[in-house]
Amino acid sequence: MEIKDLTGLSEPLKKLIEVVSQGIGALSKPYLIRKTADAKAYELKVIAETIKGNQENLKQIGYSEEKLSLTSLDGESIRQELTLEERTQQRVDFKEQKRQKNIENITQKAAENLESEPSVSEEPVDEDWTTRFFNYAEDISNEEMQEIWARILAGEIKQPKSYSLRTLDILRNLSTDEAAIFMKFAKLAVTSSRTTFILSFKKHKLLEEKYGLNYSDRLLLEELGFITANDLAFQIMATKDRPGKSVFTVGNFCIIQDKLPNKPQHQLEVLVFTKIGQQLLSLVNVTPDLDYVQLLATNLNRQMGKIQYGMILQKLPNGQIRHTPLVDVPLTEKEQEQEKRRKERENKK
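What counts and what doesn't
- Along each chain, numbering runs from 1 in the same order as the chain's sequence is written.
- A pLDDT threshold of at least 70 governs which residues receive local features in this predicted model, and a stricter bar of 80 or more applies before side-chain atom pairs are shown or counted, although totals over entire chains, interfaces and linings include all residues.
- Hydrogens and water are ignored here; the side-chain numbers use all heavy atoms of the structure.
- Buried residues are those whose accessible area, probed at 1.4 Å on protein chains only, stays under 20% of the maximum for their type, while exposed residues exceed 50% and partly exposed ones sit between those limits.
- For helices the rule is a DSSP run of H or I covering at least 4 residues; for strands it is a run of E covering at least 2, with both sets numbered from the N terminus onward.
- When DSSP finds two or more bridges between a pair of strands, those strands are recorded as paired.
- What pLDDT conveys is the predictor's confidence in a given residue, as a value from 0 to 100.
- Should any heavy atoms of two residues lie within 4.5 Å, those residues are counted as being in contact.
- What the arc describes is the spread of directions from the helix axis to the C-beta atoms.
- A 3.5 Å cut-off defines polar contacts: any pair of N or O atoms within that distance qualifies, except that in protein one atom must be a possible hydrogen donor and the other a possible acceptor, and neighbouring residues in sequence count only when both atoms are side-chain atoms.
- Helix axes use the C-alpha atoms of the stretch in contact, all axes being lines fitted to C-alpha atoms, and the angles between their N-to-C directions lie in the range 0 to 180 degrees.
- In these notes the angle categories are as follows: under 35 degrees is roughly parallel, over 145 is roughly antiparallel, 65 to 115 is roughly perpendicular, and the rest is oblique.

Asker: Any chance you could explain the pairing of strand 8 (residues 266–272) here in plain terms?
Answerer: The side chains of a regular strand alternate, residue by residue, between the two faces of the sheet. By the criterion of burial, strand 8 is predominantly enclosed, with five of the seven residues buried. In the sheet, strand 4 (residues 195–199) pairs with strand 8 via three bridges, with the strands oriented antiparallel. Paired with Leu 199 across the strands is Val 270, a residue of strand 8.

Asker: When you look at the confidence of the model for the protein chain in this model, what are you seeing that I'm missing?
Answerer: Detailed reading of the predicted model is not advised wherever pLDDT is low. On average, residues of the protein chain score 80 in pLDDT, and 81% of them are at 70 or above. The spread of mean pLDDT over the elements of the protein chain runs between helix 3 (residues 47–55), the lowest at 41, and helix 5 (residues 127–137), the highest at 94. The low-confidence segment residues 1–5 (pLDDT under 50) makes seven contacts with residues lying over four places distant or belonging to another chain. Predicted confidence is poor over residues 75–79, with pLDDT under 50, and the contacts of this stretch with residues over four places away or in other chains come to eight contacts.

Asker: Can you help me understand the pairing of strand 4 in this one?
Answerer: With respect to burial, strand 4 is a largely interior element, four of its five residues being buried. With three bridges connecting them, strand 3 (residues 190–192) and strand 4 associate as antiparallel partners. Looking at the pairing, Val 190 lines up with Phe 197 of strand 4.

Asker: In this structure, what is going on with unusual backbone geometry? I would like to understand it.
Answerer: Glycine aside, negative phi is the norm for most residues, and most peptide bonds take the trans geometry. One non-glycine residue, Arg 194, adopts positive backbone phi at about 65°. Within the secondary structure, Arg 194 is located in the loop between strand 3 and strand 4. Residue Arg 194 is classed as exposed on the basis of its relative accessible area, which comes to 81%. At Asn 301, a position not held by glycine, the phi torsion is positive, near 70°.

Asker: Explain helix 5 here, please?
Answerer: An α-helical turn contains 3.6 residues, so any two residues separated by three or four positions project in the same direction. Restricting attention to buried positions, one finds in helix 5 the residues Trp 129, Thr 130, Phe 133, Phe 134, Tyr 136 and Ala 137. For helix 5, the angular spread of buried residues about the axis comes to 160°, placing them on one side. Looking at helix 5, the residues exposed on the side facing more than 90 degrees away from the buried face are Glu 127 and Asp 128. Those residues of helix 5 that are buried are in contact with helix 1 (11–24), helix 4 (84–114), helix 6 (143–158) and helix 7 (165–172). Structurally, the start of helix 5 carries an N-cap: the backbone nitrogen of Asp 128 is 3.0 Å from a side-chain oxygen of Asp 126.

Asker: Help me out: how do you make sense of the packing of helix 6 against helix 7 in this one?
Answerer: Any two packed helices are characterised by the angle at which their axes cross and by the distance between the axes. With their axes 12 Å apart at the nearest point, helix 6 and helix 7 run at an angle of 175° to one another. Our classification of the angle between helix 6 and helix 7 gives roughly antiparallel. On helix 7, the residues that touch Met 145, Ile 148, Trp 149 and Ile 152 of helix 6 are Leu 168, Leu 171 and Arg 172.

Take a look at the structure:
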């Protein structure tokens, strides 16, 4: 389809319009670009609003011989008789206009996600993916879920193949409550060596008491296919004659352990996110706090080497990161108490 009249739009927004045009066979620049100077807010009046307004003057709705009759409050018979075909058409119109509004809302939100992007991949979005996306998106009415679908559309435009068709299939049937449970786990996601996990909360009361993780929620995420069914061991390799370095990222934090020479292999008991779970993690704004960073540092074993953290400034294409100057991860209260007792024992000697 030839795209015209896109002068002044950024490349990400142009690509968005092309994808929408490909997916639903229609192109409307103003409703996509809510915040640009040359477009006004577009609002769709749903049939339900009209029906609601009309019903204020209705006293009775009757039905006989496959026809609908209406009576006004003043007793006058309106006698608006609708045939079965007319009522069917009204239902179809209402349903399709609601679906159109859902698509436009999601597309508008996707445009807002893309407005600040300087560029996107030149690789085209797969047509089958686009068709499947809009077939599903048209039935998403919940505003929170629309925001998630908008981020998926924006993410696929930025980098095609970011979200698989299987991910769309699972997300289609995801309820808002299930999404909230996933968010709860996702906000504690740790990534290292291309593996994303959370610490197993069997041994860590903090994860349940402060962050609300529990076993029933874990079982649900396993059933949905977002995390693995069993606790796994994340291996931190041993060092020999030379020191080693382990890098972990949690949201906008990076945690770096400078492992001393000749230290043994160490492992963390973790719950690992599946490929689908990892794809959905990009939709979540992870905002860890110091308590969680301290918990991770405790499990890394400070005796193996110094553990520091900093704020991530930029993630580079080669996998490296730029960060603020590193500072030591402070000891937890329990570790402070242990350190105090250790020094007392040394002084006695």
